[in-house]
Amino acid sequence: MNNKEIAKILITGPFNSGKTTLIKLVSDEQLTGNDVEATDELAQYKAMTTVGLDFGVLHIDDDLDVHLFGTPGQARFNFMWKTLSKGALGTVFLVDSSSQNAIDEAKQMYQFYSELSDMPIIIGATKQDLPQAKSIQHIATELGIDDTRIIPSNPCIKEDSKNLIIALLEEIIEKESQTQDAAFSV
Ligand SMILES: Nc1nc2c(ncn2[C@@H]2O[C@H](COP(=O)(O)OP(=O)(O)OP(=O)(O)O)[C@@H](O)[C@H]2O)c(=O)[nH]1
Ligand SMILES: [Mg+2]
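Attention here is on the structure that accompanies the text. Each chain carries its own residue numbering, running from 1 in the direction its sequence is written. Chain letters and ligand numbers both follow the written order, the letters beginning at A and the numbers at 1. Confidence filtering applies because this is a predicted model: local features only for residues at pLDDT of at least 70, side-chain atom pairs given and counted only at 80 or more, and all residues used for totals across whole chains, interfaces and linings.

1. With respect to the overall build of the chain
Working step 1: Working definition: helices are DSSP H or I runs of at least four residues, strands are E runs of at least two. Numbering for both runs from the N terminus. The secondary structure content of the chain amounts to five helices and nine strands.
Working step 2: For the chain, the sequential pattern of α-helices and β-strands runs β-α-β-β-β-β-β-α-β-α-β-α-β-α.
Working step 3: With 186 residues in all, the chain has 35% of them scored as buried.
Working step 4: For the chain, contacts bridging at least 24 residues in sequence account for 68% of all contacts bridging at least 6. Counting other C-beta atoms within 10 Å of its own, a residue is labelled buried from 20 upward, exposed at 12 or fewer, and partly exposed in the gap between, with every C-beta atom placed from the backbone. C-beta atoms are placed from the backbone for every residue, and two residues are taken to be in contact when these atoms lie within 7 Å.

Next comes the structure, spelled out in structure tokens:
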């Protein structure tokens, strides 16, 4: 009988931050969402955008599969953000480092996720390889968090994404063990 554990985690972040790329490249099995042509003012930034969700499975070992749920990035789909987060153990939040506009978008969305629940959130700063990228320190100040909470990460590099997910799993385990310790000390 297969007693594999399944950990659901969210891959989120604003439009164009690298969610679909991360799920496509890191997953052992995947079912990515509908990428459709971007319309209106978004088309100047990007040809295709995701409507609906991206989904992928990452086999960590014989005992654990991670199910990755990618949210749509555009704010007009924010009604899905809460629904998709149900049952998630943690969140990978991607921030596109390459423009102030993108960081402003991330600020609002990060606020939403940090108020949604107390699940661990790991922040991956994408596009750090681009010449116009803002510094990790700047992004941390904008989001109002410590810069040690942000990991530079390129979703086009599988190892980077794996490291982000492992860092999140470690936080999830750490949090669960603290919760158990608290329960035992009552
Ligand atoms: N050079 C570079 N390109 C990146 C990086 N991260 C993402 N990209 C590129 O940015 C573009 C957007 O990536 P997507 O994965 O489609 O972003 P998304 O978050 O799924 O976007 P939406 O579905 O529209 O919300 C793609 O062309 C990626 O290859 C990075 O760290 N460096
Ligand atoms: Mg996408």
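The discussion continues.
2. A look at the pairing of strand β8 (residues 121-126)
Working step 1: Of all six residues in β8, six are buried, a share of seventy percent or more.
Working step 2: Summarising the sheet, strand β7 (residues 90-96) and β8 pair through six bridges and their orientation is parallel. Within β8, the residue paired with D96 across the bridge is T126.
Working step 3: Between the parallel pair β7 and β8, the chain is carried across by helix α3 (residues 100-116), and the sense of this crossover is right-handed.
Working step 4: Crossover handedness is defined here as right-handed if the route from the first strand over the helix to the second strand goes clockwise, with the strands pointing away from the viewer. Handedness of the crossover joining β8 and strand β9 (residues 150-152) through helix α4 (residues 136-143) is recorded here as right-handed. If DSSP finds at least two bridges between two strands, the strands pair.

3. With respect to the nonpolar core
Working step 1: Linking buried Ala, Val, Leu, Ile, Met, Phe, Trp, Tyr and Cys residues through C-beta atoms within 7 Å yields a set, and such a set is a nonpolar core. In this structure, V92 and V95 are the most contacted members of the largest nonpolar core, which totals 31 residues.
Working step 2: When sequence neighbours within four positions are dropped, the list of residues in contact with V95 reads G13, S17, I103, A106, I123, A125, T126 and I139.

4. So, the sheet that holds strand β1 (residues 5-12)
Working step 1: The strand order across the open sheet formed by seven strands is β2-β5-β6-β1-β7-β8-β9, and the pairing between neighbours is mixed. A strand with exactly one partner marks an edge of an open sheet, and here the two such strands are β2 (29-31) and β9. This sheet shows a mean twist of 25 degrees between the axes of neighbouring strands, independent of strand direction.
Working step 2: Where β1 lies against β7, four bridges are found, and the strand directions are parallel. Bridged to I11 within β7 is V92. For helices, the fitted line uses only the C-alpha atoms of the stretch in contact; every axis is such a line through C-alpha atoms, and the angle between N-to-C directions lies from 0 to 180 degrees.

5. Considering unusual backbone geometry
Working step 1: Look at N16: it is not a glycine, yet its phi comes out positive at around 75 degrees.
Working step 2: Mapped onto the elements of the fold, N16 is located in the loop between β1 and α1 (19-26).
Working step 3: Residue class for N16 comes out buried when judged on the 22 C-beta atoms lying within 10 Å of it.

6. Structural notes on α3
Working step 1: Every helix has an expected span of 1.5 Å times one less than the residues it contains. In a regular helix each residue adds 1.5 Å, so 17 residues correspond to 24 Å; α3 covers 24 Å between its end C-alpha atoms and thus fits that length.
Working step 2: All buried positions along α3 are accounted for by A102, I103, E105, A106, M109 and Y110. Take α3 and look down its axis: the buried residues cluster within an arc of 150 degrees, on one side only. Of the residues in α3, the exposed ones pointing more than 90 degrees away from the buried face are Q100, N101, D104, Q108, Q111 and E115.
Working step 3: Buried residues belonging to α3 abut β7 and α4. It is the directions from the helix axis to the C-beta atoms whose arc is reported.

7. A short note on the packing of α3 against α4
Working step 1: In contact at an axis separation of 9 Å, α3 and α4 are set at 45 degrees when each is read in the N-to-C sense. It follows from the interaxial angle that α3 and α4 lie oblique. When you trace α3 past α4, the crossing you get is right-handed. Judged by residue contacts, I103, A106, K107 and Y110 of α3 engage I139, E142 and L143 from α4. Angular relationships are summarised with four words: roughly parallel below 35 degrees, roughly antiparallel beyond 145, roughly perpendicular across 65 to 115, and oblique for the angles in between. A crossing counts as left-handed when the near helix is turned anticlockwise from the far one by less than a right angle, and as right-handed when that turn is clockwise.

The quantities given are spatial measurements derived from coordinates; they are silent on function.
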